[in-house]
Each structure stands twice: as structure tokens, then as C-alpha cells.
Amino acid sequence: MIKDVTNHGHDLIASQPPKWEVVRWLSTCGNGVVEGSEQCDDGDLVDGDGCSSICRIEPGYTCTGNPSKCTKGGSGGGGSTPPPAPGPAPQPAPGPSSAKPDDAARGGGSSGQRHGGAIAAAVLVPMFVLVLGGVVFAYRGAVYEQFPQVKPSLLLAPAGCLAVVHGHC
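It should be emphasised that the depicted structure is a prediction, and the values quoted were computed from it without experimental measurement.

1. Structural notes on the overall build of the chain
Right, so step 1: A tally of helices and strands in the chain yields four helices and two strands.
Right, so step 2: In sequence order, the secondary structure elements of the chain are arranged as β-β-α-α-α-α.
Right, so step 3: By residue count, 12% of the 169 residues in the chain fall in the buried class.
Right, so step 4: Taking the intrachain contacts of the chain between residues at least 6 apart in sequence as the baseline, contacts between residues at least 24 apart amount to 15%.
Right, so step 5: Of the roughly 13,600 Å² of accessible surface on the chain, a fraction of 63% belongs to carbon and sulfur atoms.

And the structure:
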């Protein structure tokens, strides 16, 4: 049995072990339930009562329970000093250049250097697409299991249609 911690009576009774796992915990600050990355949740979004509007324990408070009850006199958890801002990015040191003055106007370097990136992209992008397509095809069973609505949509799609949305291509 999976217990509904919100006390709304939505407990889940499973007849067999579930074939799912929590991969991302969604939390709602202000609902009175400490969940996900929340440190506290007193059921409101008001600062200054011990539990901040982003569900962090404010300095000088201690919070416990669901919904959180906060009392003055604790060590707090929010911290009051923000981290220092990062410094400026380092600049490259000046050095000798082999580029001719009119090379700068054309982008510098030889034509082979200027087109090397385009050639690499022309070769690597199709290879990446093929590998990605092969991986998706190889693991299509796992995709169908996680998203059962995908398989019927693909089977009903007319040739040349990439997506079926609400029965239309």
C-alpha cells in the first residue's frame, strides 16, 4: 500500500509490485506537505514565519512536521549570505600571430582551416542521427512500456506522417 501523505484519502493499493520508479520528484511549496527538496512547508507562501515562500527554513527558526510548525530559536537553514559572484573570465594572452593583415578581414587562416568545421559537421551530424535512431529502435520496447500511447499512434499513422495528434497527421 502506498500512503497518501496529504491525508486526502487517495491511498494506492497495488495487487502486484509496481513496474515504475520515481525519476523526478515534483513538489508543491505551500501545500503543507514537506516533499522533494523542501526543507519545510507550513501551508502558505509567506516569508518571516520561519518557513520562507520557497519552503526553506529561515535563519533563527526550527521547523518540524507536516504541515511544518516553526519556532524561533533554531539555527535555521536558509542562510543569509549569498555566494560570491564569479569573477570576470580570463582573457587570452597576446602572442605572435602568423595571420596577414588582410587575413583578419576574411576570417584569418587558410581555406582548409575555415572549412574544417563544416566538413566535420557534415560527417558527424548524419552519423549521430543514425546512431540515435539505432538506439531508439533497439530500445523501442522500453519506450512502448513507458509510453503505451506511442505504439498505437505509430501503427495508425499513414505512410509519411511523422506524428498523429488527436487522430490527425
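2. Digging into the packing of aromatic side chains
Right, so step 1: All told, the structure shown has zero aromatic pairs when counted by the stated rule.
Right, so step 2: Above the face of the F137 ring, R140 is positioned so that its terminal group lies 4.0 Å from the ring centre.

3. A few points about the state of the cysteines
Right, so step 1: On inspection of all chains with the given rule, the structure shows three disulfides.
Right, so step 2: There is a disulfide in this structure between C29 and C55, and the S-S distance comes to 2.0 Å. Its S-S torsion of about 100° marks the bond between C29 and C55 as right-handed, since a negative value means left-handed. Taken together, the residues span a long stretch of sequence, with C29 in the segment before β1 (61-64) and C55 in the segment before β1 at a distance of 26 residues.
Right, so step 3: Judged by relative accessible area, C29 falls into the partly exposed class, the value being 23%.
Right, so step 4: We classify C55 as buried; its relative accessible area is 0%.

4. Points about the environment of G48
Right, so step 1: Its location among the elements puts G48 in the segment before β1.
Right, so step 2: Among the residues examined, G48 registers a relative accessible area of 51% and is labelled exposed.
Right, so step 3: With 11 residues separating them in the primary sequence, G48 and P59 have C-alpha atoms 9.6 Å apart.

5. What to know about the confidence of the model for the chain
Right, so step 1: Per-residue confidence for the chain gives a mean pLDDT of 75, with 62% of residues at or over 70.
Right, so step 2: Note that pLDDT drops below 50 for residues 79-83; the model gives that stretch two contacts with residues more than four away or on any other chain.

6. Describing unusual backbone geometry
Right, so step 1: N66 connects to P67 through a cis peptide bond whose omega is -5°.
Right, so step 2: With respect to the secondary-structure elements, P67 resides in the loop between β1 and β2 (69-72).
Right, so step 3: Notably, C55 is not glycine yet its phi reads approximately 60°, a positive angle.

7. As for a nonpolar patch on the surface
Right, so step 1: A cluster of nonpolar side chains, namely V125, F128, V129, L132 and V136, defines an oily patch on the protein surface of about 480 Å² accessible area.
Right, so step 2: The residue V129 is located in helix α2 (residues 111-138) in this model.

Rules and cut-offs
Residues numbered from 1 in each chain as written. Predicted model: local features only at pLDDT ≥ 70, side-chain atom pairs only at ≥ 80, totals over all residues. Heavy atoms only, no water. Helix = DSSP H or I, 4+ residues; strand = E, 2+ residues; numbered from the N terminus. Buried < 20%, exposed > 50% of the residue type's maximum accessible area, 1.4 Å probe, protein only. Contact = heavy atoms within 4.5 Å. Areas by Shrake-Rupley, 256 points an atom, 1.4 Å probe, with all protein chains shown as cover. Phe/Tyr/Trp six-rings, centres within 6.5 Å; stacked < 30°, edge-to-face > 60°. Lys NZ or Arg CZ within 6 Å of the ring centre and 35° of its normal. Disulfide = S-S within 2.5 Å. pLDDT = per-residue confidence, 0-100. Patch = residues over 30% accessible without salt bridge, like charges linked within 9 Å, V, L, I, M, F, W, Y side chains within 5 Å. Salt bridge = Lys/Arg side-chain N within 4 Å of Asp/Glu carboxyl O.

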